[in-house]
Amino acid sequence: QVQLVESGGGFVQAGDSLRLSCAASGRTFSSYVMGWFRQAPGKEREFVAAIGRSGGTYYADSVKGRFTISRDNAKNTVYLQLNSLKPEDTAVYYCAGKKTVVVGYSPTGYDYWGQGTQVSVAS
């Protein structure tokens, strides 16, 4: 079983930056594909970014060029750097992990989830 704990959310102004962290328990973190999703009020959970076991990265078009996902396997942690934040980025951000090799863009493909961290961006 893997437990994921997010941190780093907050309330910022448009154009500001945040860095989200997701700490994972367990000794097999490096074998998981890790992803970030977000969910705004009244909307479905949507894919933001993912990083494969070998470090390949994937992004939603809406965040490409502004957000950066990375991982530190020695620290069992995955990060999401959020730059040039916009009000439409306001959501609860969730960290997720999946055991299979294939990077997934759907929430249903992920096996483990964190509790979420709120990101609020004022205009």
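Here the structure is shown first, and the text comes after it.
I will try to describe carefully the structure that is included in this document. (Residues numbered from 1 in each chain as written. Predicted model: local features only at pLDDT ≥ 70, side-chain atom pairs only at ≥ 80, totals over all residues. Heavy atoms only, no water.)

**Brief notes about the overall build of the protein**
Scanning the protein for helices and strands turns up zero helices and eleven strands. The helix and strand sequence of the protein, counted from the amino end, reads β-β-β-β-β-β-β-β-β-β-β. Taken over C-alpha atoms, the radius of gyration comes to 13 Å for the protein, in line with the 14 Å a tight globule of 123 residues would show. Taken along its principal axes, the extent of the C-alpha atoms in the protein is 40 × 25 × 25 Å. Expressed as a percentage of the 123 residues in the protein, the buried residues total 46%. Within the protein, contacts between residues separated by at least 24 positions form 59% of all contacts whose residues are at least 6 apart in sequence. Accessible area for the protein stands at about 6200 Å²; split by element, carbon and sulfur atoms hold 48% of it. When the 13 basic and 9 acidic side-chain charges of the protein are each reduced to a single mean position, those positions are 7 Å apart. (Helix = DSSP H or I, 4+ residues; strand = E, 2+ residues; numbered from the N terminus. Rg over C-alpha atoms; globule rule 2.2 N^0.38 Å. Buried < 20%, exposed > 50% of the residue type's maximum accessible area, 1.4 Å probe, protein only. Contact = heavy atoms within 4.5 Å. Areas by Shrake-Rupley, 256 points an atom, 1.4 Å probe, with all protein chains shown as cover. Lys, Arg positive; Asp, Glu negative; His and termini not counted. Charge placed at Lys NZ, Arg CZ, Asp CG, Glu CD.)

**Regarding the pattern of salt bridges**
One pass over the structure, following the stated rule, counts four salt bridges. For Glu 46, the salt bridge goes to Arg 38, with nearest N and O atoms at 2.6 Å. Between Arg 66 and Asp 89 there is a salt bridge whose closest N-O contact spans 2.7 Å. Taken as a pair, Arg 66 in the loop between β6 (57-59) and β7 (67-72) and Asp 89 in the loop between β8 (77-82) and β9 (91-98) lie far apart in primary sequence, 23 residues in all. Of the two residues, Arg 66 and Asp 89, neither departs from the other in class, the shared state being buried. Several salt bridges share partner residues, and in doing so they unite Arg 38, Glu 46, Arg 66 and Asp 89 into one network. (Salt bridge = Lys/Arg side-chain N within 4 Å of Asp/Glu carboxyl O.)

**Brief notes about the sheet that holds strand β1 (residues 4-7)**
Across a sheet, strands are paired by hydrogen bonds formed along the backbone, either parallel or antiparallel in direction. Pairing in this open sheet of four strands is antiparallel, and the strands run β1-β3-β8-β7 from one edge to the other. Of all the strands in the sheet, just β1 and β7 have a single pairing partner and so form its edges. Strand-to-strand twist of the sheet, defined as the mean angle between neighbouring strand axes without regard to direction, takes the value 15°. Strand direction decides the pairing type here: β7 and β8, joined by six bridges, are antiparallel. (Pairing = 2+ DSSP bridges. Axes fitted to C-alpha atoms, helices over the stretch in contact; angles between N-to-C directions.)

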